[in-house]
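Structure at a glance
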Amino acid sequence: MLKDYLPWIIAGLVVLALVIGGLVLTRVVPEVAATRRRRPRPPRDHFRTGDEVPAPLRRAGIVINPTKLTDLPTARERITAACLANGWGEPLFYETTVEDPGQGQAAQAVRDGVDIVCTLGGDGTVRNVAGALVGTETALGILPAGTGNLLARNLDLPVALEAAVAVALTGRNRRIDVGELVVGAAPTDELPDESGASETHYFLVMSGVGMDAQIMAGTNENLKAKVGWPAYMVSGLKHLVSPEFRIAVKVDDELEFRRRARMVVIGNCGRLLGGLVLMPNARVDDGQLDTVIASPRGVVGWVPVATRVATRRRKGHPTLDHKVCKEIRVRTDRPVPVQIDGDVIGEASEVSATVRPGCLTVRVSQ
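Residues numbered from 1 in each chain as written. Predicted model: local features only at pLDDT ≥ 70, side-chain atom pairs only at ≥ 80, totals over all residues. Heavy atoms only, no water.

Quick notes on the overall build of the chain
We count it as follows: The secondary structure listing takes helices from DSSP runs of H or I that are at least 4 residues long and strands from runs of E that are at least 2 residues long, numbered from the N terminus. The buried label applies to any residue whose accessible area, calculated with a 1.4 Å probe on protein chains only, is under 20% of its type's maximum; exposed applies above 50%, and partly exposed to all values in between. Residue contacts are defined here by distance: any two heavy atoms, one from each residue, within 4.5 Å place the two residues in contact. Each accessible area value is a Shrake-Rupley result obtained with a 1.4 Å probe; residue values ignore everything except the protein chains displayed when judging cover.
Across its full length, the chain holds ten helices and 14 strands. In the chain, which comprises 366 residues, the share counted as buried stands at 43%. A separation threshold of at least 6 residues defines the contact pool for the chain, and within that pool the share at least 24 residues apart is 68%. By element, 56% of the accessible surface of the chain is carried by carbon and sulfur atoms, the whole surface being about 20000 Å².

Comments concerning the environment of G131
Among the secondary structure elements, G131 is positioned in helix α4 (residues 123-133). A C-alpha to C-alpha distance of 6.5 Å links G131 and Y202, two positions 71 residues apart in sequence. If sequence neighbours within four positions are ignored, G131 has contacts with Q103 and Y202.

Observations concerning empty space enclosed by the protein
Counted only if it meets this: Buried and open spaces are told apart on a 1 Å grid over the protein atoms alone, a cavity being a set of points where a 1.4 Å probe fits but cannot get out and a pocket being an open set with protein on both sides within 12 Å along at least five of seven lines. Residues with an atom within 4 Å of a point are the lining residues. Grid points are joined across faces, edges and corners, and a volume is the space filled by probe spheres set on the points. Three residue categories are used. Nonpolar comprises Ala, Val, Leu, Ile, Met, Phe, Trp, Tyr, Cys and Pro, charged comprises Asp, Glu, Lys and Arg, and polar comprises the others, including Gly.
With the rule as written, the count across this model stands at one cavity of 30 Å³ or more. What the largest cavity holds in volume is close to 30 Å³. If you trace the largest cavity, you find it lined by G121, G122, D123, V126, I142, P144, N149 and A152. Taken together, the elements giving at least two residues each to the lining of the largest cavity come down to α4 and β4 (139-144). Residue classes in the lining of the largest cavity are distributed as four nonpolar, three polar and one charged.

Considerations on the layout of surface pockets
Here the second largest pocket defines a volume of roughly 260 Å³. Its residues assigned to classes, the lining of the second largest pocket comprises seven nonpolar, two polar and five charged.

Considerations on the pattern of salt bridges
The cut-off we apply is this: Here, a salt bridge means any side-chain nitrogen of Lys or Arg that lies within 4 Å of a carboxyl oxygen of Asp or Glu.
Under the criterion given, the structure shown has 13 salt bridges. A salt bridge links R78 to E162; the shortest N-O distance between them is 2.8 Å. With a gap of 84 residues between them, R78 in helix α2 (residues 72-85) and E162 in helix α6 (residues 161-170) connect regions that are remote in the sequence. With a closest N to O distance of 3.0 Å, R331 and E256 form a salt bridge. One end of the pair, R331, is in strand β13 (residues 327-340); the other, E256, is in the loop between β8 (245-251) and β9 (257-261), and 75 residues separate them in sequence. Overall, E256 belongs to the partly exposed group, its relative accessible area being 29%. By sharing partners, the salt bridges in this structure join E256, R258, R329 and R331 into a single network.

Structural notes on the packing of α2 against α6
This is how it is decided: Axes here mean lines fitted to C-alpha atoms, for a helix over just the part in contact, with angles spanning 0 to 180 degrees between N-to-C directions. Oblique is the label for any angle not covered by the other classes, which are roughly parallel (under 35 degrees), roughly antiparallel (over 145) and roughly perpendicular (65 to 115). Handedness of a helix crossing follows the sense of rotation of the near helix relative to the far helix, less than a right angle counterclockwise being left-handed and clockwise being right-handed.
Interhelical geometry of α2 versus α6 gives an angle of 45° and a closest axis separation of 9 Å. Looking at the two axes, α2 sits oblique to α6. Every pair of crossing elements has a handedness; the one defined by α2 and α6 is right-handed. When α2 is examined against α6, the residues A75, R78, I79, A82 and C83 are found in contact with a partner set consisting of L161, E162, V165 and L169.

Details of the side chain of T138
Looking at the secondary structure, you find T138 in the loop between α4 and β4. You can call T138 buried: its relative accessible area is 16%. Excluding residues within four positions of it along the chain, T138 makes contact with V110, V117, L133 and T361.

What about the nonpolar core?
Keep this limit in mind: Grouping buried Ala, Val, Leu, Ile, Met, Phe, Trp, Tyr and Cys residues that are joined through side-chain atoms within 4.5 Å yields what is termed a nonpolar core. Domain start and stop positions are those given by an automatic or database domain assignment.
Residues V117, L140, I142, L155, L360 and V362 are the most contacted members of the largest nonpolar core, which totals 42 residues. In terms of domain composition, this core takes at least three residues from each of domain 1 (60-170) and domain 2 (180-357). Those residues in contact with L140 that sit more than four places away from it in its chain are I116, V117, T119, V126, V129, A130, L133, L360, T361, V362 and R363. The next biggest cluster of nonpolar side chains, apart from the first, holds 24 residues, and it includes V251, V330, V336 and V355.

Here we look at the confidence of the model for the chain
One rule of thumb: low pLDDT means the predicted coordinates there are not for detailed reading. As a reminder, the rule being used: What pLDDT expresses is the predictor's confidence in each residue, scored from 0 to 100.
Confidence in the prediction for the chain averages 84 pLDDT; 75% of positions are at 70 or higher. Predicted confidence for residues 186-195 stays below pLDDT 50, and this span has four contacts to residues more than four positions away or in other chains.

Focus: α2
Quick note on the threshold: In this analysis, the expected span of each helix is defined as 1.5 Å times one less than the number of residues it contains. Regarding the arc, it is the one traced by the directions from the helix axis to the C-beta atoms.
The end-to-end C-alpha separation of α2 is 20 Å, in line with the 20 Å expected for 14 residues at 1.5 Å each. The set of residues buried in α2 consists of L72, A75, I79, T80, A82 and C83. With its buried residues spanning 165° around the axis, α2 presents them on a single face. Exposed residues on α2 whose side chains face more than 90 degrees from its buried face are P73, E77 and A85. For α2, the elements touching its buried residues are β1 (60-64), β2 (92-95), β3 (116-121), β4 and α6. Positive phi appears at G87, one or two residues downstream of α2, with a value of about 85°.

Regarding the side chain of T291
Within the fold, T291 resides in strand β11 (residues 289-294). Apart from the residues within four sequence positions on either side, T291 is in contact with V264, V265, I266, D321, H322, K323, C325 and I328.

Considering the pairing of β4
Each regular strand displays side chains that alternate between the two surfaces of the sheet. Condition: Here the term right-handed applies to a crossover when the path leading from its first strand over the helix to its second strand runs clockwise, the strands being oriented away from the viewer.
By the criterion of burial, β4 is predominantly enclosed, with six of the six residues buried. Once the chain exits β3 it traverses α4 before rejoining the sheet at β4, and the crossover so formed is right-handed.

So, in structure tokens, the structure goes:
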């Protein structure tokens, strides 16, 4: 009897199994999946073990010219406090020497892994430190401590120490041009320089030959320490009737021209001391150099020159010629003094300047 119903029983069990399986696939499995989706995600630190190592604080390297400071320990303390107040670590300090006025110290700071290299000194210190940073991504911070501080003034940077530190650490990066000055004849195929006497320097503000270099060389250091930049004006009055010299000038691809001059100034920016502007249209990031050739005759001849500078006129008296270029070569009929960003480097009878656009990063105000 049971044998007759066995096939029907097996068939019923199979149908029941299929129904149960369908319910599992259509109801239970989706519910389980939804439950998993609704389950809260474990916290970020769930799978971490031990204490987390905090990110290292950024550090600044400060290249100091000790001759520009009367209280070096206090300056270090103020800079350290300013760094900590702005969320940075304690800075590393490097002092310049007569043998190495900044370039070696800046290179060492980069090797030590600092995030920015700052200068505490004058334009000469800035120039030497920048020489190690040209063409790199390391930013230059400027803490003005010199007499002129011309680059800081042209970039509208604060002079107060704590404010300058804050800009260096929290400001924005700005790419600026750098002037490259070759002093002495550069070797060519036609005129090889067997003596190897040519030297290459960078300048950020201005370089020049003639009277402006004489003014720098003739400035009394004791007077400069007491009264500041007016000491340059005293020296300038003494050199108003400096000897003329003949020059041959070649600007970019133009034909060379000749004339008499008392000074030739090649600038990367145009603002001078005391709010005077020698080159009104000069900018530190315009990809070009501005050159002023001054050839006044006697003391009276300086009157129109001074008027042009005071009124910030780009064009003026014929005794003050203005050229805009990417390259310029100046040859003189005899060796004359040469200055670079206020530092007199000796005498030469030929200088060649070329602009290097946007090759230096400087930290400026937001």
